[in-house]
Amino acid sequence: MPSIPLLVVLAVLILVPVGLVALAAVSVDVPRPGGFTFDLTLANLASVVSGAVGSATINSLGIATAATVLAVAIGGYVAFVTARTDAPFGRAIYACGLIPMFLPSYVGALAWAMLGSPASGLLNVAFRDLGLGLEINVYSRVGLVLVCALFYAPYAFLLIHASMTMMNPDLEDAAAIHGGSRWRMLRSVTFPLALPAVLGSALLIFVLVLENFPVAQVLATPGNIETLPTYIYRMMGFFPSRGTEAAALAVVLVAFVVLLTLAQRRVLAKRSFTTVTGKGMRARRIALGRFRWLALVPVLLYFVASIVLPLGALLVTSLRTSPFMPSFSSLLRPGALDGSAFGTVFADAQFWSSTVNSVIVAVAAALGGTVLSFAVAYVVYRTSARARAQLEAISMLPLAIPALVLGMGILWTWLLIPLPLYGTLGLLVVAFLGVQMPQGLRSVAASIRSTDRDLEDSAVVHGRSRVRAVLGITVPLMKVALSSTFLLLLMLSMRELTVPLLLYTRDTTLLSVAIFDRFENGGGSQSAAAISLVYCLLMFVLAYLPRRFGQKANA
Amino acid sequence: MRRTTRSLLTAAIAVAVLGVTACGGTSGGDGPAARSIDTSNGLVIDGETIADQALWEKAKGGNVSLATALTEREEKVITEQFKADTGIALDFVRLPTPKLFERAVSEKGAGKLSFDVIRVTDTTAAEEMAKNGVFGQTRTPFDDQLRKDGALDIGGGNFVSAFYAIYTFAYNSQAIPSASAPKTWENLLDPSYKGKIGLVNPNGSGYNTALTDMLIQDYGDRYLKDMQALGPRIFDSVSVMGTALGQGELTVGLMGANSALSLAEQGAPVVAVIPPDGVSAGYTPFGITIKGAENPAAQVFVNWQMSRAGQSKLGPLGLAPARSDVEPARMGDAVLPKPGDPNFTLFTTADRQQRQAAVLATWNGIFRYTG
């Protein structure tokens, strides 16, 4: 009965906070500790159908759909080029697909605001300097879609790349032997086999964009574009807050995402996607011929838009002594540039303690999250436990609930539970375990469905215990996917901002919170840009080290 | 009545446009100031007793946990001075008032309140926290002076006003030459500012509610309607709006004098204007919690904040001290309006009780921002 302990863990991490949010949705008063009245009402749900929610919903659905399509196209393309073609610089292409994940979407949005705000954006200043007569405006729907797609594409890249790397070439060989053209083989064998990863990443990206508050706040609000997250923020973010109405809206979102998840299961249940058999194999690489170099152009453009330009904007801003820059030539004036902001950041004791806290929490949450995600995915996809559907549904719940609302549920939960976790880094770790469970599960699920269970079953038949068979055979077979999951959760934990904002103390401040504070104290300031650059560098190092050590271990 | 006084004042004083030159230093923040400190019989700073012997003996070496809605920059300047003066450790958590409210009330409900002292920017939120039992009794040795100055007009003994935030407007001096800069509130309705003016949503912000009330009282609802016709950009935080103003995204923004001062000190070409027709002022609720009531160090911090030593750190930040016996708020060489001045329009407790709901309803109806 492996599902019972997992159910208990998920109940504490997810169900109780979500239950409190659900209670809030039908309560007259916010059900915070000490404030339970159990006066119930349906008026909160009625408020969800107001006109303002309608326009916010339409905007959010449109933006999320377009950003998802674009992000999956970008991530899928880069994954395909690096995993399945003979395009040159494979490792560099892999890095181009992954590195944008080190730039949190919040920081990315701020950087793009520095680049593309209509009057003072650096790109617009450059266009004016060059007399081009062009103007871009990121405070628009198109701007939001592009920025979200740029910074969520790595999720699609990671999942699709893992799937394509593990793909058994037998089916493609069969297609080729039977006379199928290369395009037909790709269309009828390769791409359909990647469907779980494509749909998994699409669902993940769609919901993450749908509920992404920081990017919407930075780019949509200045453009007077109402979105669901900004609408919920205003419900929650002003006094007196309308927490019960926000909770009601969250419940509606949950229902919507559950429907999407069910639709995804229905599509994937129709056929088998098993391609990893444990037998020695290497995915076939397709020769691109004269298009080998041309294939790099879109990757390069993506890298420039997602990394070079945003980091360049942060660097220029961190060095500028005045936030006002009429032209690039003004940077040549004496005193226009200095690097003192970096000195300020490094001399700040709070920066160092926040950095240490962030690393501890991120590593612990990523490790714990990978183990928990694997355990849940194993029970869901490899056993006949009766609670499989419940385990998956509970795991996916946090994805549907805006972090602004879920954060309150977590706060109430851990104030109520008589464990000495409140006010410690441990609280942030368990909060992240719950909040990031959907991403962890989706990441592991895509590969566990692709991994053949014959070898594991054979070991059991030959006398090994199931646990030893899983640890000795299935886990090593899924090593690439599990390390991708660890990396994904590590990055998510480093980036998480909304939930810790409600839970942190001075001793448990995270770097993301410290950056938020700096931007809130003046988004264009030198030190805010400087600390963001250091933050991105740290994320890069954190992501690089496991791969480096992994390679050494494998050598 | 107020308009009459204003007219007289307008005739009496020239329009004060206060340009703050960009400079590297931080007003009030060039490190903690040197004081005359005597701890032989309690804690006495510059001749004023902050803590008697009994309290000081219990508080020495203690630490304080502060929850604040003030900006990190300003809170650092204030608390660093406190730490330098007393040697008492102090950590603060910075949260916007609504989030701070949710956390404090939830923690109190669970019996796990983690803050000794709370400072917020909205009196209604502070009153709700008091109703939920978050605050203890906030008393200081300076209550007589504070009562006389009006700092005890809020809070009913649970909290006091640590200072007043002065709200006015500021412009980008690179985008607008000083000769054509706006000088009065009416000037802001000039069509040339269409799409270039910024304001902050007053829901949940006592300071911005006070400003909105002053504009409605002085010019009527039509002022807000005319402002709306200019297509202003509405922000959720004054700091973010200040950034847009400094970068030139906006040419004019309605904001606190302290924020404009802070931007200028960070090198932004932002100039605050003190219009002859007045500035608005809002209370800053500050009180000891039921947890802090058990912590002598927290009582010393509250005493210190309301002493001349604590109050004197506020003026250089562009914040109006609650006490009248310290230097008023300044920007550069210019003195900002202070409590009691005719052009210092305080949003009093009576104003709030009578008009706050109507003010917010009017704003929400005109700008249709909060859903």
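- Chain B is annotated in an unreviewed UniProt entry as ABC transporter substrate-binding protein from Pseudonocardia ailaonensis.

- If you look chain A up in an unreviewed UniProt entry, it shows as Iron ABC transporter permease from Pseudonocardia ailaonensis.
- Looking at the Sequence similarities (unreviewed entry) heading of the UniProt record, one finds this comment for chain A: "Belongs to the binding-protein-dependent transport system permease family."

Digging into the overall build of chain A
Consideration 1: Regarding its fold elements, chain A presents 26 helices and zero strands.
Consideration 2: Here the C-alpha radius of gyration of chain A, 24 Å, is about what a compact globule of 555 residues would show, namely 24 Å.
Consideration 3: The principal-axis extent of the C-alpha atoms belonging to chain A is close to 70 × 70 × 45 Å.
Consideration 4: Considering only residue pairs separated by 6 or more positions, chain A has 78% of its internal contacts joining residues 24 or more positions apart.
Consideration 5: Looking at charge distribution, chain A has the averaged site of its 38 positive side-chain charges lying 10 Å from that of its 22 negative ones.

Digging into the nonpolar core
As a rule of thumb, soluble globular proteins bury nonpolar side chains together.
Consideration 1: Judged by nonpolar contacts, the single largest core of 309 residues is most densely connected at Leu219 of chain A together with Ile118, Met129, Trp185, Leu254 and Val300 of chain B.
Consideration 2: For this core, the element with the highest residue contribution is helix α7 (residues 141-165) of chain A, accounting for 16 residues.
Consideration 3: When residues of this core are assigned to domains, at least three fall in each of domain 1 (3-24 + 167-279 + 343-366) and domain 2 (37-164 + 281-336) of chain B.

Re the pattern of salt bridges
Consideration 1: Inspection of the entire model under this criterion finds 31 salt bridges over all chains.
Consideration 2: Between Arg308 of chain B and Glu48 of chain B there is a salt bridge, with the nearest N and O atoms lying 3.6 Å from each other. In this pair, Arg308 of chain B is assigned in helix α12 (residues 308-311) and Glu48 of chain B in strand β4 (residues 48-51), connecting sequence segments 260 residues apart.
Consideration 3: The structure contains a network of salt bridges with shared partners spanning Arg382, Glu456, Asp457 and Arg466 of chain A.

Looking at the interface of chain A and chain B
Interfaces are frequently sized by the accessible area removed from exposure as the parts join.
Consideration 1: Contacts between the two partners involve 51 residues from chain A and, on the opposite side, 48 residues from chain B.
Consideration 2: Across the chain A to chain B interface the summed buried area is about 4300 Å²; carbon plus sulfur atoms make up 53%.
Consideration 3: Summed over the shared surface of chain A and chain B, the result is three salt bridges.
Consideration 4: Viewed at the interface, chain B and chain A are joined by 15 residue pairs in polar contact (both at pLDDT 80 or more).
Consideration 5: Residue assignment for the side of chain A that touches chain B shows that the elements contributing at least two residues are α12 (228-237), α18 (403-416), α24 (498-503) and α25 (511-520) of chain A.
Consideration 6: A total of six residues in the side of chain A that touches chain B trace back to one element, the largest contributor, which is α18 of chain A.

Comments concerning the domain arrangement of chain B
All names here are of chain B.
Consideration 1: Here chain B is described as being made up of domain 1 (3-24 + 167-279 + 343-366) and domain 2 (37-164 + 281-336).
Consideration 2: If you average the C-alpha positions of domain 1 and of domain 2, the two centres end up 27 Å apart.
Consideration 3: For the pair domain 1 and domain 2, the summed buried surface comes to about 2000 Å²; carbon and sulfur atoms form 55% of the total.
Consideration 4: Considering only the side of domain 1, the residues that lose the most area to domain 2 are Tyr207, Asn258 and Arg352, jointly responsible for 29% of the buried surface there.
Consideration 5: Across the contact surface, domain 1 and domain 2 share two salt bridges.
Consideration 6: The shortest N-O distance in the salt bridge between Arg73 and Glu265 comes to 3.6 Å.
Consideration 7: Applying the counting criterion to the domain 1 and domain 2 interface returns 11 residue pairs in polar contact (both at pLDDT 80 or more).
Consideration 8: Of all the secondary-structure elements, those providing two or more residues to the side of domain 1 that touches domain 2 are α7 (206-219), α10 (257-265), β12 (270-274), β17 (344-346) and α13 (349-367).
Consideration 9: Counting residues per element, the side of domain 1 that touches domain 2 draws most heavily on α10, at five residues.

Things to note about the side chain of Asp351 of chain B
Consideration 1: Among the structural elements, Asp351 of chain B can be located in helix α13.
Consideration 2: When residues no more than four places from it in sequence are discounted, the contact partners of Asp351 of chain B are Leu346 and Gln356 of chain B.

Concerning empty space enclosed by the protein
Residue and element names in this part refer to chain A.
Consideration 1: Taken as a whole and assessed by the stated rule, the structure comprises 12 cavities of 30 Å³ or more.
Consideration 2: Here the second largest cavity defines a volume of roughly 460 Å³.
Consideration 3: Surrounding the second largest cavity, 28 residues form its lining, Tyr152, Asn212, Arg495, Glu496 and Leu497 being those nearest its centre.
Consideration 4: Broken down by secondary-structure element, the contributors of at least two residues to the lining of the second largest cavity are α5 (105-116), α7, α10 (195-211), α11 (213-220), α17 (388-400), α18, α23 (479-495) and α25.

A short note on the environment of Gly282 of chain B
Residue and element names in this part refer to chain B.
Consideration 1: Turning to its location among the elements, Gly282 is positioned in strand β13 (residues 279-288).
Consideration 2: For the pair formed by Gly282 and Asn172, sequence separation is 110 residues and the distance between their alpha carbons is 25 Å.
Consideration 3: Beyond its immediate chain neighbours, meaning those up to four positions away, Gly282 contacts Phe163, Tyr164, Ala165, Tyr207, Ala210 and Leu346.

Quick notes on the confidence of the model for chain B
Consideration 1: Confidence along chain B averages 89 in pLDDT terms, with 91% of residues attaining 70 or more.
Consideration 2: A low-confidence stretch, residues 1-29 of chain B (pLDDT under 50), is modelled with 54 contacts involving residues beyond four sequence positions or located in other chains.

Observations concerning unusual backbone geometry
Residue and element names in this part refer to chain A.
Consideration 1: Unusually for a residue other than glycine, Phe89 sits at a positive phi of about 60°.
Consideration 2: Mapped onto the fold, Phe89 is located in the loop between α3 (51-84) and α4 (90-98).
Consideration 3: The residue Asn224 is not glycine, and still its phi comes out positive at about 55°.
Consideration 4: Here Asn224 shows up in the loop between α11 and α12.

What counts, and where the lines are drawn
- Residues numbered from 1 in each chain as written.
- Chains lettered and ligands numbered in written order.
- Predicted model: local features only at pLDDT ≥ 70, side-chain atom pairs only at ≥ 80, totals over all residues.
- Heavy atoms only, no water.
- UniProt positions renumbered as here; feature names shortened; annotations may be inferred.
- Helix = DSSP H or I, 4+ residues; strand = E, 2+ residues; numbered from the N terminus.
- Rg over C-alpha atoms; globule rule 2.2 N^0.38 Å.
- Contact = heavy atoms within 4.5 Å.
- Lys, Arg positive; Asp, Glu negative; His and termini not counted.
- Charge placed at Lys NZ, Arg CZ, Asp CG, Glu CD.
- Core = buried A, V, L, I, M, F, W, Y, C linked by side-chain atoms within 4.5 Å.
- Buried < 20%, exposed > 50% of the residue type's maximum accessible area, 1.4 Å probe, protein only.
- Domains from an automatic or database assignment.
- Salt bridge = Lys/Arg side-chain N within 4 Å of Asp/Glu carboxyl O.
- Buried area = accessible area lost by both parts, 1.4 Å probe.
- Polar contact = N/O pair within 3.5 Å; in protein donor to acceptor, adjacent residues only side chain to side chain.
- 1 Å grid on protein atoms, 1.4 Å probe; cavity = no way out; pocket = protein on both sides within 12 Å on 5 of 7 lines; lining within 4 Å.
- Points joined across faces, edges and corners; volume = space filled by probe spheres on them.
- pLDDT = per-residue confidence, 0-100.

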